[in-house]
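So you can see what is in the structure, the chains are spelled out below.
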Amino acid sequence: MDLEVSPALTIPERELGWRFSRSSGPGGQHVNTSDSRVELSWNVAESTVLSDDERMLLLSRLGHRLVSGVVTMAASEQRSQLRNREIALRKLAELVTAGLAAEPTARRATKPTRGSARRHLAVKQQRSATKQNRQRPAAE
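A quick note: this is a predicted structure, and the numbers were derived from the prediction, not measured.

Turning our attention to the overall build of the protein. In terms of regular secondary structure, the protein is built from four helices and six strands. In the protein, the succession of α and β elements from N to C terminus is β-β-β-α-β-α-β-β-α-α. Seen along its three principal axes, the alpha-carbon backbone of the protein occupies a region of about 90 × 45 × 25 Å. A total of 140 residues make up the protein; the buried ones form 25% of that total. Considering only contacts in the protein between residues 6 or more positions apart, those separated by 24 or more positions represent 55%. Summing over all exposed atoms, the protein offers an accessible surface of approximately 10,500 Å²; the carbon and sulfur share of this is 50%. Looking at the protein, you have 23 positive and 15 negative side-chain charges, and the mean spots of the two groups are 19 Å apart.

Residues other than glycine predominantly adopt negative phi, and peptide bonds predominantly adopt the trans conformation. Non-glycine residue Ser68 carries a positive phi angle of around 55°. Structurally, Ser68 is set in the loop between strand S5 (66-67) and strand S6 (70-75).

Among the nonpolar cores identified, the biggest contains 23 residues, and Leu3, Leu16, Trp42, Val71 and Leu92 are the most heavily contacted of them. Of all elements in the fold, only strand S1 (3-6), strand S2 (9-11), strand S4 (37-43), S6 and helix H3 (81-100) reach the threshold of two or more residues within this core. With seven residues, H3 is the single largest residue contributor to this core. Leave out the neighbours within four places in its chain, and Trp42 touches Ile11, Glu15, Leu16, Ser47, Val49, Leu50, Leu58, Gly69, Val70, Val71, Leu92 and Val96.

Time to look at the pattern of salt bridges. Side-chain pairing between opposite charges can occur once the charged atoms of the two side chains come close. Per the counting criterion, the structure on display carries six salt bridges. Asp52 is the salt-bridge partner of Arg55, the closest N and O atoms lying 3.1 Å from each other. In this pair, Arg55 and Asp52 both sit in helix H2 (residues 52-61), three residues apart, roughly one turn of the helix. The exposure class assigned to Arg55 is buried, which follows from its relative accessible area of 14%.

Conventions adopted
Along each chain, numbering runs from 1 in the same order as the chain's sequence is written. For a predicted model such as this one, the threshold for reporting local features is a pLDDT of at least 70, and the threshold for listing and counting side-chain atom pairs is 80 or more; totals across whole chains, interfaces and linings nevertheless cover every residue. The basis for the side-chain values is all heavy atoms of the structure; hydrogens and waters are excluded. What counts as a helix is a DSSP run of H or I of at least four residues, what counts as a strand is a run of E of at least two, and both are numbered from the N terminus. For every residue, the accessible area (1.4 Å probe, protein chains only) is compared with the maximum for its type, and the residue is labelled buried under 20%, exposed over 50%, or partly exposed between those bounds. Whether two residues are in contact is decided by their heavy atoms, any of which lying within 4.5 Å being enough. Only the protein chains shown count as covering a residue, and every accessible area follows the Shrake-Rupley method with a 1.4 Å probe. Under the convention used here, Asp and Glu are negative, Lys and Arg are positive, and both His and the chain ends fall outside the count. Charge positions come from single atoms, namely NZ of Lys, CZ of Arg, CG of Asp or CD of Glu. Remark: nonpolar core denotes a set of buried residues (Ala, Val, Leu, Ile, Met, Phe, Trp, Tyr, Cys) joined through side-chain atoms within 4.5 Å. Counted as salt bridges are all cases of a side-chain nitrogen of Lys or Arg within 4 Å of a carboxyl oxygen of Asp or Glu.

This is the structure we're talking about:
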């Protein structure tokens, strides 16, 4: 089962590593007998489907999640191993998509308009007058 990250990028099944273990948490006797927890690992550093630019981008952006160039996703939310496999695949696809996404354009700094600056000052003066009216009158 290949993982389609985007129309341009599909990770073949041979590059995905699966590991199964017993899940923790509630579930009664079922938890103690079935390996429903799933760990999906993918070696970003040695992947054949990535171009060199994509590989460097992923290695730099996902550096904190990588261990020796391998990213690992775990899923144990469901009692079914099949559902946990689907969740792990979806998590990996979302992570890779986010890692390969283009940087957002930087915000261009702008000055406030003359009218908005005038309105801002008017509101400040009104607020100041309100607070001045709350003060105790001076003893004359």
